[in-house]
Amino acid sequence: MRLKDSVLEDNPHWYRDAVIYQVHIKAFADSNADGIGDFRGLTGKLDYLQQLGVTALWLLPFYPSPQRDDGYDIADYYDVNPNYNTLREFKQFLRAAHRRGLRVITELVLNHTSDQHPWFQRARKAKQGSAHRDFYVWSDTPEKYRDARIIFRDFESSNWTWDPVAKANYWHRFYSHQPDLNFDNPKVQAEMLKVIDFWMGLGVDGVRLDAVPYLYEREGTNCENLPETHTFLKKLRAHLDERFKNRLLLSEANQWPEDAAAYFGDGDESNMAFHFPLMPRMFMAIEMEDRFPIVDILDQTPAIPEGCQWAIFLRNHDELTLEMVTDEERDYMYRVYAADPRARINLGIRRRLAPLMKNNRRKIELMNVLLFSMPGTPIIYYGDEIGMGDNYYLGDRNGVRTPMQWNQDRNAGFSQSSPQRLFLPVIIEAEYHYESINVENQERNPSSLLWWMRRTIAMRKNFKAFGCGSLEILPSDNPKVLTFIRSHKDEKILVVINLSRFTQTVTVDLSRYAGMFPEEVFSRNRFPIIQESRYHFTMGQYDYFWFVLRSTEARREPCDEEYLKLKLAEGHPWWDVVNGKAGERFCSFVLPLYLQRVFWFCGKGRVISQITILESCQLKQNDQLFLLTFIKVAYTEWDPEVYLLPLAWISNERLQNVKERYPLEIITPLSLGDIDGFLCDAAYFEEFRELLMKMIHERTKVTGEPVLIWLA
Ligand code: BGC
C-alpha cells in the first residue's frame, strides 16, 4: 500500500540526491507535556525540516523497549513505544512527511533484541535444541568465538552472558541485555522478513540495517562480515524488490572501505552503506591542517556498483567512533578532541560538532562544506544545524541526545512539562545555553548558522554532481588546501577548501579545463578564464569555494544556430524558439550583449546574474510580427529590474528595407550566423503604447508588484 497523497517522485535512486536529517523522536518535540518527544510533536515540526531543505528523515528506534540502549533494545518490532504516541500517530506523521516530499527511513535492528523480547523469554525456557531456543545463540562455555572483539568495552568484558533460566551462556555483541538473534535459524530470517514487510507496507521508504556485520558467528573468525551475512542480505534485498518500489536498505557497517563496500554486493545487497572511515579523517584533516587523511581514505575507497551510494556524516547519536583509525591516529584524536577523559566512551568521543570545533563558526561551516562536497549522501544530526552543545556528564551517549532547542522558553520550547520531568536535561552551559542557541533566535538572524545551513543545502541541491558525480582530486602545491572536481555529465564543480587557520595561496593544475571559467556558485561571480598554465587561488582562514566550471565556448557562440534553423524550417514561429531551449541561451548570451549597447539600459557596469522573459505577447503590424516581452534583469549586487522589450524577427530580404526606413544606429542587428535577427528599441512602437499600458496594468494587477518600464 502506498500513501495516496504523497508527492514523492517515482525514482528508485532517490537516496543519491537526498539530504538526510537524523532525528530522535524523544528529543525533538513533545506534544503532550510528558517531558518526552513524540510523533505528534515531530509532525508539528515538519515545516521547519522542510525549510531546512532536507529531503529525508532517519528516525532512531521508536519501538516498545526497556530503553536500556536508547531503543536499540527492541521488545516489540510491530508497535510504537507508548511514550511516543501510537501507530496511528506514526502513520499520520508518515503521511504528512510524504505530503511534503520528505522520505522516511526507520531502523531495522536485526542483529539483536532486548532480553525482554518475548522471543528471548520463550527461548530461555524452551528445550535445548528446539526451534524456539535456537532463536538466539547459546553455548555451555564462554570460550567460543574468542576472536570476536568487544564493542562496548567500557561496559562489557565478554560477548557471553550466563542465563540462569536457560542454564547456558547467550551471545551478545553489544550490551548483555541485548542477546544476538541466531541467523542460522531460518525461522529468525523469516521473522525479520515479516518485520520489514510490515513497515514497508505502511509506506516507510527505507531502513537502516543496524549492526549488520555481526549477524553470524563462526569459529576461527572475528565474526564480522561473514559470507553468510552477505547471502542473507541478498535474500533480503530480493525479497524487498519483489514486493516494493523505490525502497532503500542502508547498511550500518563500521568497517574499512573495502569491507563496507562489500555491503553493496554486486548492487544486489544494500543500496547505501555508511562510510565510517571518512568521518574521523575529516576531523583529522581540519586539526592537522592537511588534506592527507581525506585524500588517503578516498584513495582506499573502492568504486561502488551502479546505483549505490555512500552515506556520509560528521556526527550522529553515538560516540564519534575511532574504530576505523590506527592506534596513532586514535591517540591524536583523543589528544586534540577529548583532552578530558570524561569526553571519551568505548573507542570514541561523545561530543557534538560545535563543541568539537570549539564553537568556531568558520570551522563548523568548513566541516559542513566538506560533508556536502564529499562523495555520498550527507546526513545531518539533529541540532547540529544550529550548533547545539552537549553534556558529557550525562551517562552513556546521552550527552549528544538532549532536547532540541527551539526557543528561550521553558525547556527550550521542547516541552511544556516540568523541567524535572524531561527525559534528559536541556543544555544550560553558558556558551551553548538554549536561551541563545535556539531555532527562533537563528531564524530571526540571516547571518545565523541555521540560515547558512539552509542556503548551503539549497545550493547543493542545484547540482547533481554532488550526489551522483565522480570525484577527482586535483594536484596542487599546497597540502593545506584540498582541491577536487565533482563531475556529472557536463556539470563540473570545482571545490577548493582551505583546512588551515591561516590565509593560504594555492596553485592548481586546471589545464584540462583550459578555456572554461570558474563561476562561484553563491555570488555567481566569474573568475578569470582558465588557461593552459596553472590557476591560482588566495584563501582566507578555513575558507572554501564551490565553483561551477562554465564553458566559454557557449559564450562565443551566442545562439544555438542549428536549433534555431531547424525549428524555423519545421515552421515553428520564431517566438516559440525564443521561449524554448534556445530562449534560455538567448537570455544568457544574446540579451546581455544587446543590453550593453542600448542607451536606455540602466544596468551598464553591473554584473548580470540572470535574465528571464517574464511574459510576452504577439503583435502584428503590416504583416510584420512583433513580440512584446517583459524581461527581468537580475544582478549579483543590485535589485532586479523589469524592462519592456519589443522583439522583431526580420528576414534577410527585408533587412535592406528596414535599414532604409530606420537610421542604422538605432537598430541593433544581432549576429545569429546565417539568420539575421533584430532587436528593436521601444521607440518604434509608439503606436502600441495603449496596448502596452493595458498589458502593464494587467500585469500589475496579477503580481501586485510595481513594474519598471523603460520606453526608449
Ligand atoms: C547503534 C548504537 C547501538 C548499537 C547496538 C549501533 O549501531 O548506532 O546506538 O547502541 O547499534 O544496537
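Up top is the structure these notes are about.
Residues numbered from 1 in each chain as written. Predicted model: local features only at pLDDT ≥ 70, side-chain atom pairs only at ≥ 80, totals over all residues. Heavy atoms only, no water.

Caption draft 1: The packing of aromatic side chains, seen in detail. In total, this model carries 50 aromatic pairs according to the counting rule given. For the ring pair W14 and Y15, a centre distance of 5.8 Å and an interplane angle of 80° mean the geometry is edge-to-face. Owing to a relative accessible area of 2%, Y15 belongs among the buried residues under this scheme. An angle of 80° between the planes, with centres 5.3 Å apart, marks the rings of F39 and F90 as edge-to-face. Taken together, the positions of F39 in helix α2 (residues 39–44) and F90 in helix α4 (residues 87–99) put the pair 51 residues apart, joining distant regions of the chain. (Phe/Tyr/Trp six-rings, centres within 6.5 Å; stacked < 30°, edge-to-face > 60°. Buried < 20%, exposed > 50% of the residue type's maximum accessible area, 1.4 Å probe, protein only. Helix = DSSP H or I, 4+ residues; strand = E, 2+ residues; numbered from the N terminus.)

Caption draft 2: Geometry of the sheet that holds strand β4 (residues 138–139). Spatial ordering of the open sheet is given by β4-β6-β5, a layout of three strands whose pairing is antiparallel. In the strand order of this sheet, the two ends are held by β4 and β5 (160–163), each with one partner. The sheet contact formed by β4 and strand β6 (residues 168–171) spans two bridges and is antiparallel. Pairing of S139 across the sheet is with N169, part of β6. (Pairing = 2+ DSSP bridges.)

Caption draft 3: Representation of the packing of helix α6 (residues 186–202) against helix α7 (residues 227–243) within the structure. Taken N-terminus to C-terminus, the directions of α6 and α7 make an angle of 35°; their axes are 11 Å apart at the nearest point. Regarding α6 and α7, the two cross each other, and that crossing is right-handed. On α7, the residues touching Q189, L193, I196, D197 and M200 of α6 are F232, K235, L236, H239, L240 and R243. Taken together, the residues of the contact of α6 with α7 sort by class into six nonpolar, two polar and three charged. (Axes fitted to C-alpha atoms, helices over the stretch in contact; angles between N-to-C directions. Left-handed = near helix turned anticlockwise from the far one by under 90°. Contact = heavy atoms within 4.5 Å. Nonpolar A, V, L, I, M, F, W, Y, C, P; charged D, E, K, R; others polar.)

Caption draft 4: View of the nonpolar core. Ranked by size, the top nonpolar core spans 168 residues in total, and within it Y21, L59, F90 and F283 carry the most contacts. For F283, the residues in contact, after removing those within four places along its chain, are L314, R315, L320, M333, Y337, L353, L356, M357 and M367. (Core = buried A, V, L, I, M, F, W, Y, C linked by side-chain atoms within 4.5 Å.)

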